[in-house]
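# Descriptive analysis of the structure
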Amino acid sequence: DTGVSQNPRHKITKRGQNVTFRCDPISEHNRLYWYRQTLGQGPEFLTYFQNEAQLEKSRLLSDRFSAERPKGSFSTLEIQRTEQGDSAMYLCASSSSGQGRSYEQYFGPGTRLTVT
Amino acid sequence: AQKVTQAQTEISVVEKEDVTLDCVYETRDTTYYLFWYKQPPSGELVFLIRRNSFDEQNEISGRYSWNFQKSTSSFNFTITASQVVDSAVYFCALSEGDSGSARQLTFGSGTQLTVLP
């Protein structure tokens with residue numbers, strides 16, 4: 001039983017560059033979530049998908065951020081024109097939904113982004 | 001709007017002491033879910049427990065126990081006989097439910113627990 005995986009684990013980029021992160025959820029989970037965590041803070045919700053549909057987006061998700069889950073399996077989070085304030089840990093989580101299922105979100109190891 | 005407050009930023013105890021981590025939440029929904037997660041130094045968030053708003057029964061799992069009180073909007077976490085391996089940041093989180101499914105989590109700012117040998 002594999003957990004949530006994220007790639008890359010670390011990314012260093014220069015300001016103004018675009019970056020893309022990938023998340024592979026637990027295989028039978030239909031919900032996928034993205035969070036951002038800065039040092040000393042709890043994770044903050046960015047967006048979530050049920051299957052391939054993006055159901056909710058936080059106001060934290062500026063127009064430079066875009067997330068996709070094209071086939072309802074893995075997801076990508078892209079940040080365009082990165083800024084130093086984007087430096088954070090980006091966490092992915094997945095869960096099940098529906099009658100009789102457990103709803104806990106299981107988290108991946110995260111991608112640590114450093115913008116120089 | 002929902003909010004989770006963990007007033008204790010850092011706690012330090014000596015091994016074998018009991019320790020309680022406080023969590024106070026705010027929500028307007030009558031159906032919601034409360035969670036605790038552990039984030040060890042390795043960084044990966046580990047799920048510990050989920051409680052539904054309509055179930056105030058306290059729960060015990062080994063050395064861990066949780067006290068849910070709707071009257072005070074609190075969901076406190078106690079570790080009995082703490083061990084060095086319990087050292088981590090602990091997060092309390094809240095989700096407002098829809099049709100029984102948890103949506104996005106609102107996290108507190110976390111409590112750094114250090115257990116000294």
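The structure under discussion appears in the preceding block.
Only a predicted model underlies this, so the values are computations on that prediction, with no experimental measurement involved.

## Things to note about the side chain of T82(A)
All names here are of chain A. Secondary-structure assignment places T82 in the loop between strand 8 (75-79) and strand 9 (88-95). When its relative accessible area of 1% is taken as the criterion, T82 is described as buried. A polar atom in the side chain of T82 sits 3.3 Å from the backbone oxygen of K14. Among residues more than four places away in sequence, those in contact with T82 are T13, K14, R15, G16, Q17, V19, R64 and V115.

## Notes on the packing of aromatic side chains
Enumeration according to the criterion identifies 22 aromatic pairs over all chains in this entry. Ring geometry for Y37(B) versus F47(B): centroids 5.9 Å apart, planes at 70 degrees, classification edge-to-face. In this pair, Y37(B) is assigned in strand 5 (residues 32-39) and F47(B) in strand 6 (residues 46-52), connecting sequence segments ten residues apart. Arranged with centres 6.1 Å apart and planes meeting at 90 degrees, the rings of F91(B) and F107(B) form a pair that is edge-to-face. Of this pair, F91(B) sits in strand 10 (residues 88-98) while F107(B) sits in strand 12 (residues 106-107), placing them 16 residues apart in sequence. An aromatic cluster is present here, built from Y33(A), Y35(A), F45(A), Y48(A), Y106(A), F107(A), F35(B), Y37(B), F47(B), F91(B) and F107(B) joined pairwise through their rings. Residue placement shows R22(A) over the ring face of F74(A); its charged tip is 3.9 Å from the ring centre.

## Some details on the pairing of strand 6 (residues 53-57) of chain A
Residues and elements named next belong to chain A. Both strand 5 (residues 44-50) and strand 6 contribute to a ladder of four bridges, which runs antiparallel. Of the residues in strand 6, the one forming a bridge with F49 is Q54. In this antiparallel pair of consecutive strands, strand 5 and strand 6, the connection spans two residues, and N51 shows a positive phi of 55 degrees.

So, how was this worked out
- Residues numbered from 1 in each chain as written.
- Chains lettered and ligands numbered in written order.
- Predicted model: local features only at pLDDT ≥ 70, side-chain atom pairs only at ≥ 80, totals over all residues.
- Heavy atoms only, no water.
- Helix = DSSP H or I, 4+ residues; strand = E, 2+ residues; numbered from the N terminus.
- Buried < 20%, exposed > 50% of the residue type's maximum accessible area, 1.4 Å probe, protein only.
- Polar contact = N/O pair within 3.5 Å; in protein donor to acceptor, adjacent residues only side chain to side chain.
- Contact = heavy atoms within 4.5 Å.
- Phe/Tyr/Trp six-rings, centres within 6.5 Å; stacked < 30°, edge-to-face > 60°.
- Lys NZ or Arg CZ within 6 Å of the ring centre and 35° of its normal.
- Pairing = 2+ DSSP bridges.

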